[in-house]
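What follows is each chain in one-letter form.
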Amino acid sequence: MASEEASLRALESLMTEFFHNCTTNERKREIEELLNNFAQQIGAWRFCLYFLSSTRNDYVMMYSLTVFENLINKMWLGVPSQDKMEIRSCLPKLLLAHHKTLPYFIRNKLCKVIVDIGRQDWPMFYHDFFTNILQLIQSPVTTPLGLIMLKTTSEELACPREDLSVARKEELRKLLLDQVQTVLGLLTGILESIWDKHSVTAATPPPSPSSGESGGDLLSSLLQSPSAAKLLNQPIPILDTESEYICSLALECLAHLFSWIPLSASITPSLLTTIFHFARFGCDTRARKMSSVNGSSQNSVLGQERGRLGILAMSCINELMSKNCVPMEFEEYLLRMFQQTFYLLQKITKENNAHTVKSRLEELDESYIEKFTDFLRLFVSVHLRRIESYSQFPVVEFLALLFKYTFHQPTHEGYFSCLDIWTLFLDYLTSKIKSRLADKEAVFNRYEDALVLLLTEVLNRIQFRYNQAQLEELDDETLDDDQTEWQRYLRQSLEVVAKVMELLPTHAFSTLFPVLQDNLEVYLGLQQFVVTSGTGHRLNITAENDCRRLHCSLRDLSSLLQAVGRLAEYFIGDVFAARFNDALTVVERLVKVTLYGSQIKLYNIETAVPSVLKPDLIDVHAQSLAALQAYSHWLAQFYSEVHRQNPEQFISLVSTALEAITPLISSKVQEKLLLSACHLLVSLATTVRPVFLIRIPAVQKVFNRITDTSAQRLPDKAQVLVCRALSNVLLLPWPNLPESEQQWAVRSTNHASLISALTREYRHLKSSAILPQRKVRLEDTKVIIHQTLSILEDTVESISGESTKSRQICYQSLQESVQVSLALFPAFIHQSDVTDEMLSFFLTLFQGLRVQMGVPFTEQIIQTFLNMFTREQLAESILHEGSTGCRVVEKFLKILQVVVQEPGQVFKPFLPSIISLCMEQVYPIIAERSSPDVKAELFELLFQVLHHNWRYFFKSSVLASVQRGIAEEQMENEAQFSAIMQAFGQSFLQPDIHLFKQNLFYLETLNTKQKLYHKKIFRTTMLFQFVNVLLQVLVHKSHDLLQEEIGIAIYNMASVDFDSFYSAFLTEFLASCDGVDSNQKNVLGRNFKMDRDLPSFTQNVHRLVNDLRYYRLCNDSLPPGTVKL
């Protein structure tokens, strides 16, 4: 044994050295190599067996187990059967002898190694593998060990990794399913016996009536039987540490088993009841109290352990709940499960003298609350429709409990999760009412009270007046997913409000409006406290308490204005007339409030606490404008109803709104407020479009301000919005008026002068652009280009979907600027930031105004671009100018996408040069680059070339197809078609998954629309190359997320010619596979059944891929020189 002993000592010192913090990385690599070489030796396992039984060094034990793991999972096929028998007998003996003394992680690893052997050899060569586990569980001394083995078996055998053949995976699952009933019986027995053994029923007096634990009527109605209620009211037993440990292992086993076994009769009522008994541990606050009273750490650990049992039991329940497919015979069990869980919910939310609900929830473990919320979400989303029909299930009482549970959540995240559940419930109710119009009233009557309560409480929760402490904890500074914590809170709350509004509009409105009114009174009353001081206006409210109350009221007003805006959609369409008065009241108030804010200039007022009150006042003003903007569709409908008879009321609303907007359009106003005003102006000009807008002095004032070059320019965003509004006033057709009354001539002249004023400096650049630019001058020029093009691009974009007349006028006004842009383009070709903006503008022109631009000019633009983007220029942009350069090329390709999609013959002459640009200039530059830049756009362009210009490649004549019976088309431009297809094929060999998905979708679309896979050229020269590439991708697992899509594409390709696929391709594919022998190839071929339907075929593909990988794994792990029979 000297050599084994010496090896052990050497290994121990190596391990100690490896994990010592002074060891260098170089030395670590040497040691690692040494250990790997040792593990690869045939017979190394004998040393490891000795090491395991003779060392106390954790590192050595872990290393030895890793050697075994590697041997079993990768080299087992080549291990002589005598050695296998020895290993199968020694490792379990070792486990039995040492399991009490081994560290838990070593013991668990040893269990996994033994289970790995079972995975390979049970039942053929290791027939007592599972029987041994059952025996371990049944013997009290080894119960914990047996449960660990059982859980590991469930994890490793029920859903094994791919290092097994599909046949073996199916066999293992079947073998395990045969054992399920026995296993569940054993686990039920363990949990029941521990519960009964520690139960204290006999010793305890009945609970006193005042303690409120008797459950009340709800419980009896939920549980139907007094005995069940009585059972659930028994006190929770006090378990010793060993029993706790065994119960937690048993529940962990159950949770994993439930994740894969189907719902069936083997999950018995007594098992479910037992799990619920343990779920009560989570809502037992006494355990925690006991630990805090006694103060000893021992007790607090005990309290945590008991809480953990509750969490594990809820995990089991949630595993069952998440199964959507419920057999008929299991429905009754489900009902019983819900009844028992709602008993727990009632227990958690019970108020008594000592506890408020919130303090009770705070005492419970956070994870338990999370699991409980998960349960409620699954109940509402998966099972509510099933259970609601049971007369004995009290849904309304359940909602009452959920209500209590929601509004007493101790954390914000918990509250959000509960709001999600209510959203699911409201969606369920909405779709139920839409589908069952007959008993709509009955459904409303049943739930109305619950919904009104929910609405009131959610509204209270967003108001500082009722919920200041909690709301002040919310962060309103840090952005996460483009919103702060406060914004998320408000948004989620308002979604619930909106969903209730959809169901109960009148109730919702009468709940919300008075609250809004109260806060508006405070805001409108501020006028009396405004005093004029030497420096301007000041708000004369200084007492700290008053300032705090004002701050809360303003924050609430801001939230309620958002709520009112969110509800605007429920006043339009079919219900416009019915809800007209409510909406009018709201809009009148909003118009009044916005005007008031602008007139007394609250945004510029001095306050006692400027850092708090000034942002509050600005926010309220901005939100009142935004809320009014939300009603622009209502205003448009109002306009169409009254424009003939008495539009006075409407005219007054719009004029007053404009009086509120115009003073804010100034560079001196804070940006938040300025942008709100601009957006409202855009909505009035675009959505409402009143004919008199242009005649209103306020609007004329804005025209003058924007076209006056001496006035200070607004910030970019605001300038663009105001110009959009003014352009739309002149360009968009007035609603409700015939063409003859649209006054296009006047409007056209006005629009031309507006654009002329806005582009004056830009148009002057044309003469100077040819001269070499000085650095300072260049920067100024860039600013002019940026400012002008952003306005022009926005102007075109906003009318691109409008009538021809609007687009015509727009193009007439822009014509000169467009020509200037084209003339400037070559001068700036090396300034990628300018080129980027110019191409953005041209792209928008092509998308919106290509008809108006006319063919000759469009051709001139395309030709200019094609001339400018030489191979060198493209290479410079893509390779040397970083992301801006790539963006430039992408926009150029986008413009070409618009061109090739144009129907008719106009732009067809450009096709050859566009294809050659793609294939000979852009593609070679990007093909070998790993970066995805430009690729997606290039392939989209190639797809559009094929999709919209199919006849360019395939000239099919009707006559030929009639004569031949099938269409054998003439092929044209074959070389270009083949090059494009080859590029698609290459893209499937690259790692970028988004490009892969996009291109696969393009090929499939071309097949659906144009029968690509059936074309002779594709069928004879490319089809099986593509199938081969896609199969290799599956084998290499490089794009595993797209397994399903790849499988379907292979099917669509193979189905063009199944006979060739089965007789020729499959054989060739297998013949070309390396790493598998001829016998294995035959098995793979035989297992691929000749199915012709999609599900079976894709299943065969995935089986082939799995088994091919498995065989390679086995063959790689055989010792060199192994003879395979």
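Remember, it's a predicted structure, so these values are computed and weren't measured experimentally.

1. Describing the overall build of the protein
Across its full length, the protein carries 52 helices and four strands. For the protein, the proportion of its 1125 residues judged to be buried stands at 53%. About 50500 Å² of surface is accessible on the protein, with carbon and sulfur atoms providing 53% of the total. Taking the average place of the 106 positive charges on the side chains of the protein and the average place of its 124 negative ones, the gap between the two points comes to 2 Å.

2. Focus: the packing of helix α26 (residues 580–599) against helix α28 (residues 632–642)
Packed helices, taken two at a time, are described by their axes: the angle between them and the distance between them. Following both chains from N to C, one finds α26 and α28 inclined at 120 degrees, their axes separated by 11 Å at the closest point. Taken together, the axes of α26 and α28 are oblique relative to one another. Our pair here, α26 against α28, has a crossing hand that is left-handed. Along its contact with α26, which presents F580, A583, L584 and V587, the element α28 presents W634, L635 and F638. In terms of residue class, the contact of α26 with α28 is built from seven nonpolar, no polar and no charged.

3. Comments concerning the nonpolar core
F68, L91 and W634 are the most contacted members of the largest nonpolar core, which totals 264 residues. For this core, the leading source of residues is helix α9 (residues 166–198), giving twelve residues. Residue contacts for L91: discarding those within four places in its chain leaves L49, L52, F68, L110, V113, I114 and I117. Counting residues in each nonpolar core, the second largest holds 131 residues, with F842, M919, Y923 and L1023 among its members.

4. Here we look at the environment of L334
Here L334 shows up in helix α16 (residues 331–348). Expressed as a C-alpha distance, the spacing of L334 and L320, which sit 14 residues apart in the sequence, is 8.9 Å. Setting aside residues up to four positions removed in sequence, L334 forms contacts with V326, H383 and R386.

5. As for the environment of K672
Relative to the helices and strands, K672 resides in helix α30 (residues 671–688). Remark: the alpha-carbon pair of K672 and G536, spanning 136 residues in sequence, is separated by 22 Å. Each residue touching K672, except ones within four places of it in the same chain, is listed here: I618, D619 and A622.

6. Notes on the packing of aromatic side chains
Scanning the model with the defined rule gives 75 aromatic pairs in all. Ring centres of F509 and F513 lie 5.3 Å apart, and the angle between their planes is 20 degrees; this geometry places the pair in the stacked category. A residue pair is termed a helical-turn pair when its members lie 3 or 4 positions apart in one helix, as F509 and F513 do in helix α24 (residues 505–524) at four residues. The class for F513 is buried, based on a relative accessible area of 14%.

7. So, the confidence of the model for the protein
Confidence in the prediction of the protein, expressed as mean pLDDT, is 87, and 91% of residues score 70 or more. Low pLDDT, under 50, characterises residues 202–223; the predicted model gives this stretch 28 contacts beyond four residues in sequence or across chains. Taken together, the stretch residues 287–299 has pLDDT below 50 and engages in 14 contacts with residues farther than four places along the chain or on a different chain.

8. Focus on the environment of E544
When you line up the elements, E544 lands in helix α25 (residues 544–566). For E544, a relative accessible area of 58% puts it in the exposed group. When the C-alpha atoms of E544 and I861 are compared, they prove to be 66 Å apart, with 317 residues separating the residues in sequence.

9. Side note on the packing of helix α21 (residues 440–461) against α24
Running from amino to carboxyl end, α21 crosses α24 at an angle of 30 degrees, the nearest separation of the two axes being 10 Å. Between α21 and α24, the crossing angle belongs to the class labelled roughly parallel. You can see that α21 and α24 cross each other, and the crossing is right-handed. Contact residues: E448, V452, L455, T456 and L459 in α21; H507, A508, T511 and L512 in α24. Considering only residue class, the contact of α21 with α24 consists of five nonpolar, three polar and one charged.

10. Looking at the pattern of salt bridges
Evaluation of the coordinates by the stated rule reveals 42 salt bridges. Close ionic contact of R119 with D116 constitutes a salt bridge, the shortest N to O distance being 3.9 Å. Placement of the pair is R119 and D116 together in helix α6 (residues 104–121), with a separation of three residues, close to one helical turn. Each member of the pair, R119 as well as D116, carries the same accessibility label: buried. One salt-bridge network, held together by shared partners, links E69, K109, K112, D116 and R119.

11. Details of the side chain of T759
One can find T759 in the loop between α33 (744–758) and α34 (760–768). One polar contact links the side chain of T759 to the main-chain carbonyl oxygen of I755, over a distance of 2.8 Å. Setting aside residues up to four positions removed in sequence, T759 forms contacts with T788, L792 and S817.

12. Description of helix α50 (residues 1058–1072)
Its 15 residues place the ends of α50 20 Å apart at the C-alpha level, agreeing with the 21 Å of an ideal helix rising 1.5 Å per residue. Residues F1058, F1061, Y1062, F1065, L1066, F1069 and L1070 constitute the buried set of α50. Packing partners of the buried residues in α50 comprise α48 (1023–1036), α49 (1043–1054), α51 (1078–1087) and α52 (1094–1117).

13. A look at unusual backbone geometry
With an omega of 0 degrees, the peptide bond between W122 and P123 qualifies as cis. Its place among the elements puts P123 in the loop between α6 and α7 (129–138). Positive phi is not limited to glycine here, since R689 has a value of about 50 degrees. Its place among the elements puts R689 in the loop between α30 and α31 (697–707).

14. What about the state of the cysteines?
Across all of its chains, the model carries zero disulfides by this definition. No disulfide involves C90; its nearest neighbouring cysteine sulfur is the one of C48, lying 13 Å away. The structure places no disulfide on C886, whose sulfur is separated from the nearest cysteine sulfur, that of C918, by 16 Å.

15. Brief notes about α24
An ideal rise of 1.5 Å per residue puts 28 Å on 20 residues; α24 measures up with 27 Å between its terminal C-alpha atoms. The set of residues buried in α24 consists of P505, A508, F509, T511, L512, F513, V515, L516, N519, L520, Y523 and L524. At its buried positions, α24 is contacted by α21, α23 (485–503), α25, α26 and α27 (610–630).

16. Some remarks on the side chain of K84
Mapped onto the elements of the fold, K84 is located in helix α5 (residues 81–98). Notably, K84 is buried but unbridged: the nearest opposite-charge side chain belongs to D121, and the N-O separation is 5.2 Å. Once residues lying within four places of it in the same chain are set aside, the contact partners of K84 are W76 and V79.

Quick notes on the rules
Residues numbered from 1 in each chain as written. Predicted model: local features only at pLDDT ≥ 70, side-chain atom pairs only at ≥ 80, totals over all residues. Heavy atoms only, no water. Helix = DSSP H or I, 4+ residues; strand = E, 2+ residues; numbered from the N terminus. Buried < 20%, exposed > 50% of the residue type's maximum accessible area, 1.4 Å probe, protein only. Areas by Shrake-Rupley, 256 points an atom, 1.4 Å probe, with all protein chains shown as cover. Lys, Arg positive; Asp, Glu negative; His and termini not counted. Charge placed at Lys NZ, Arg CZ, Asp CG, Glu CD. Axes fitted to C-alpha atoms, helices over the stretch in contact; angles between N-to-C directions. Parallel < 35°, antiparallel > 145°, perpendicular 65-115°, else oblique. Left-handed = near helix turned anticlockwise from the far one by under 90°. Contact = heavy atoms within 4.5 Å. Nonpolar A, V, L, I, M, F, W, Y, C, P; charged D, E, K, R; others polar. Core = buried A, V, L, I, M, F, W, Y, C linked by side-chain atoms within 4.5 Å. Phe/Tyr/Trp six-rings, centres within 6.5 Å; stacked < 30°, edge-to-face > 60°. pLDDT = per-residue confidence, 0-100. Salt bridge = Lys/Arg side-chain N within 4 Å of Asp/Glu carboxyl O. Polar contact = N/O pair within 3.5 Å; in protein donor to acceptor, adjacent residues only side chain to side chain. Expected span 1.5 Å × (residues − 1). Disulfide = S-S within 2.5 Å.

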